[in-house]
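# A closer look at the structure
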Amino acid sequence: MLRLIVRRLLQLIPTLFGLTVLLFLWIHRLPGGPASALLGERATEADRRQIEAALGLDEPVWVQYSRWIERLFQLDLGTSVQTGQPVWEEFTTRFPATVELALTAILIAVLIGIPLGYFAARRRGSWLDVTAVSSSLIGVCIPVFFLAFLLRSVFAVNLGWLPSVGRQSAGIDATEVTGFFVLDGLLTGEWDASWDALQHLALPGIALASIPLALIVRITRASVLEVLSEDYVRTAESKGLRQRVVRGRHVMRNALLPVVTTVGLATGSLLSGAVLTESVFSFGGIGSFIQTAIDGRDYPVLMGFILFIALTYVLINLVVDLAYSVIDPRVRVN
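Residues numbered from 1 in each chain as written. Predicted model: local features only at pLDDT ≥ 70, side-chain atom pairs only at ≥ 80, totals over all residues. Heavy atoms only, no water.

### So, the overall build of the chain
In plain terms, the rule: The way it works is that DSSP assigns letters per residue, a run of H or I at least four long becomes a helix, a run of E at least two long becomes a strand, and they are numbered from the N terminus. To sort residues, take the accessible area from a 1.4 Å probe on protein chains only and compare it with the maximum for the residue type: under 20% means buried, over 50% means exposed, and anything in between is partly exposed. Any two residues whose heavy atoms approach within 4.5 Å at even a single point are treated as in contact. All accessible-area figures derive from a Shrake-Rupley calculation using a 1.4 Å probe, and residue coverage is judged against the displayed protein chains alone.
Each helix and strand in the chain was counted, giving 15 helices and 0 strands. Each principal axis of the C-alpha atoms in the chain carries an extent, and together these give about 85 × 55 × 40 Å. The burial tally for the chain puts 40% of its 334 residues in the buried class. Pairs at least 24 residues apart make up 74% of the contacts formed inside the chain by residues separated by at least 6 positions. For the chain, the exposed surface amounts to about 18,500 Å²; the carbon and sulfur share of it is 63%.

If you want it as structure tokens, here you go:
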């Protein structure tokens, strides 16, 4: 297992290097630039050159890239052109909300999707199977922002069961430790703060989980159906093994490989795709900050955000590879 981890980590080095080159060149090829965004359309050429010189954008591209890489090794993502604050501080302030929301969504999708897909496959053709397939198709088709508006209108505005905006109620005086409000409440013993944060996470979490949930249900159902038709499952059943052993050792273990891949890809996409959901619920995550950065061509923020998302994808793929080796030992041997 250790050799597998070391081999995968070494393979990440050229991947990350190529990623930084492509990211840097792509961002600097975008139309306009920070100077145009800051000064507006009526700015003179002299003013534009002055701003570019102050930001170091008048240097050759390879010089800018080498300086950026040098700062990355020092965990310095630069300074935001729009706010004047270090990008790292901006991210550490805002990312916990986005990560907390994405984790809530993927937990909802996994805890509901895998059992639902499994039982739909075991009862193929029943009302449960038809309902699961139909619901997953609807879940894929409905845009996330529309579902978010619908949930907020029904359950927050009309019924008043759950909060409609924000991460925490105004009257809650919670101690902030990590920035993850649910975890902070558990660490400090402030249960009311954790419960309040969970209530604020419910609606945006369900909206964001809709597409991953639908995908996990369909992938699990298809994978279990394929495994159920294998000879080793029929042999295990004919030998009189208990159903719990057959389900756990022979069916689910072999059916989980494509499901793990889907969960890994969905987790990465949730982090980058939470922008619209955060906007609907005014959640205070990274979404509005990135939207402002795009409008203002804020290169350091955009490069830092994209690099973080790409690094997250790479690490999730590493975890997925390790999960493969645990589920199927043949992967480890190969």
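Having seen the model, we can carry on.
### What about the nonpolar core?
Quick reminder of the rule: Definition used in this section: a nonpolar core is a set of buried Ala, Val, Leu, Ile, Met, Phe, Trp, Tyr and Cys residues joined via side-chain atoms within 4.5 Å.
Counting 55 residues, the largest nonpolar core has Trp68 and Phe91 as the members making the most contacts within it. Once you skip the residues sitting within four places of it in the chain, Phe91 turns out to touch Leu77, Pro96, Ile286, Phe289, Val301, Gly304 and Phe305. Of all hydrophobic cores here, the second largest spans 8 residues; its members include Ala156, Ala207, Val280 and Phe281.

### Let's talk about the pattern of salt bridges
For the record, the criterion: Each salt bridge in this description consists of a side-chain nitrogen of Lys or Arg and a carboxyl oxygen of Asp or Glu lying within 4 Å of one another.
This structure, assessed with the given rule, holds 4 salt bridges. For Arg167, the salt bridge identified is with Glu100, shortest N-O distance 2.7 Å. A residue pair is termed long-range when its members are at least 10 positions apart, and Arg167 in the loop between helix 7 (144-158) and helix 8 (181-188) and Glu100 in helix 5 (residues 87-122) qualify at 67 residues. Salt-bridge contacts for Asp129 lead to Arg221; the nearest nitrogen and oxygen are separated by 2.6 Å. On the criterion of sequence distance, the pair formed by Asp129 in helix 6 (residues 127-141) and Arg221 in helix 9 (residues 191-228) is long-range, its members being 92 residues apart.

### With respect to the packing of aromatic side chains
Test applied: Two rings from Phe, Tyr or Trp (for Trp, the six-membered ring) form a pair when their centres sit within 6.5 Å of each other. Planes less than 30 degrees apart are called stacked, planes more than 60 degrees apart edge-to-face, and all others tilted. When the NZ atom of lysine or the CZ atom of arginine is within 6 Å of a ring's centre and also within 35 degrees of its normal, the charge is said to sit over that ring.
By the definition in use, this model includes 8 aromatic pairs. With a centroid separation of 5.2 Å and 75 degrees between ring planes, the pair formed by Phe91 and Phe95 is classed as edge-to-face. On the criterion of helical spacing, the pair formed by Phe91 and Phe95 is a turn pair, its members being 4 residues apart in helix 5. Given a relative accessible area of 7%, Phe95 falls into the buried group. Grouping aromatic residues by their ring pairs yields a cluster made of Phe91, Phe95, Phe305 and Phe308. The side chain of Arg167 reaches across the aromatic face of Phe181, ending 3.8 Å from its centre.

### Structural notes on the confidence of the model for the chain
The test is simple: Known as pLDDT, the predictor's confidence for each residue is given on a scale from 0 to 100.
Confidence in the prediction for the chain averages 81 pLDDT; 93% of positions are at 70 or higher. Per-element averaging of pLDDT across the chain places helix 15 (residues 329-333) at the bottom with 62 and helix 9 at the top with 89.

### With respect to a nonpolar patch on the surface
This is how it is decided: What goes into a patch is any residue over 30% in relative accessible area without a salt bridge, connected to like charges within 9 Å or, for nonpolar side chains (Val, Leu, Ile, Met, Phe, Trp, Tyr), within 5 Å.
A cluster of nonpolar residues, Phe145, Phe146, Phe149, Leu150, Val154, Leu159, Trp161 and Leu276, forms a patch on the protein surface that exposes about 800 Å² of accessible area. Considering each element in turn, the nonpolar patch owes the most residues, 5 residues, to helix 7. Counting through the fold element by element, Leu159 comes out in the loop between helix 7 and helix 8.

### Points about the side chain of Asp196
Stated precisely, the cut-off is as follows: Only four residue types enter the tally: Lys and Arg on the positive side, Asp and Glu on the negative side, with His and both chain ends excluded. Polar contacts, as used here, are pairs of N or O atoms within 3.5 Å; protein pairs need one atom able to donate a hydrogen and one able to accept it. Residues neighboring in sequence count only if both atoms are side-chain atoms.
Mapped onto the elements, Asp196 comes out in helix 9. Of the side chains with opposite charge, Arg167 lies nearest to the buried Asp196, which makes no salt bridge, at 9.5 Å. At 2.6 Å, the side chain of Asp196 and the side chain of Ser169 are in polar contact. Asp196 has contacts with Arg167, Gln168, Ser169 and Ile172, leaving out every residue within four places of it along the chain.

### Some details on the packing of helix 5 against helix 14 (residues 299-327)
The line we're drawing: Between N-to-C directions, angles cover 0 to 180 degrees, with each direction set by a line fitted to C-alpha atoms, over the stretch in contact for helices. The cut-offs work like this: below 35 degrees is roughly parallel, past 145 is roughly antiparallel, 65 to 115 is roughly perpendicular, and the gaps in between are oblique. A crossing counts as left-handed when the near helix is turned anticlockwise from the far one by less than a right angle, and as right-handed when that turn is clockwise.
Direction vectors running N to C along helix 5 and helix 14 enclose 55 degrees, while the axes themselves pass 10 Å from each other. As far as their axial angle goes, helix 14 and helix 5 are oblique. In the packing of helix 5 onto helix 14, the handedness of the crossing is right-handed. Here Val87, Phe91 and Phe95 of helix 5 lie close against helix 14, whose contacting residues are Pro300, Val301, Gly304, Phe305 and Phe308.

### Some points on the packing of helix 8 against helix 9
Definition in use: Charged residues are taken to be Asp, Glu, Lys and Arg, nonpolar residues to be Ala, Val, Leu, Ile, Met, Phe, Trp, Tyr, Cys and Pro, and polar residues to be all remaining types, Gly included.
Remark: helix 8 packs on helix 9, axes separated minimally by 7 Å, with the N-to-C direction vectors making an angle of 165 degrees. Considering the angle they form, helix 8 stands roughly antiparallel to helix 9. Crossing handedness for the pair helix 8 and helix 9: left-handed. When helix 8 is examined against helix 9, the residues Phe181, Val182, Gly185 and Leu186 are found in contact with a partner set consisting of Trp191, Ser194, Ala197, Leu198 and Leu201. Here the residues of the contact of helix 8 with helix 9 sort into 7 nonpolar, 2 polar and no charged.

### Observations concerning the environment of Trp191
With respect to the helices and strands, the residue Trp191 is situated in helix 9. Of the residues examined, Trp191 reaches a relative accessible area of 56% and is grouped as exposed. Among residues more than four places away in sequence, those in contact with Trp191 are Gly185 and Leu186.

### Things to note about the side chain of Asp184
Positionally, Asp184 belongs in helix 8. What Asp184 contacts, discounting residues up to four positions off in sequence, is Thr175, Glu176, Val177, Thr178 and Gly179.

### Thoughts on the environment of Leu183
Relative to the helices and strands, Leu183 is located in helix 8. Overall, Leu183 belongs to the partly exposed group, its relative accessible area being 38%. Residue contacts for Leu183: discarding those within four places in its chain leaves Glu100 and Thr178.

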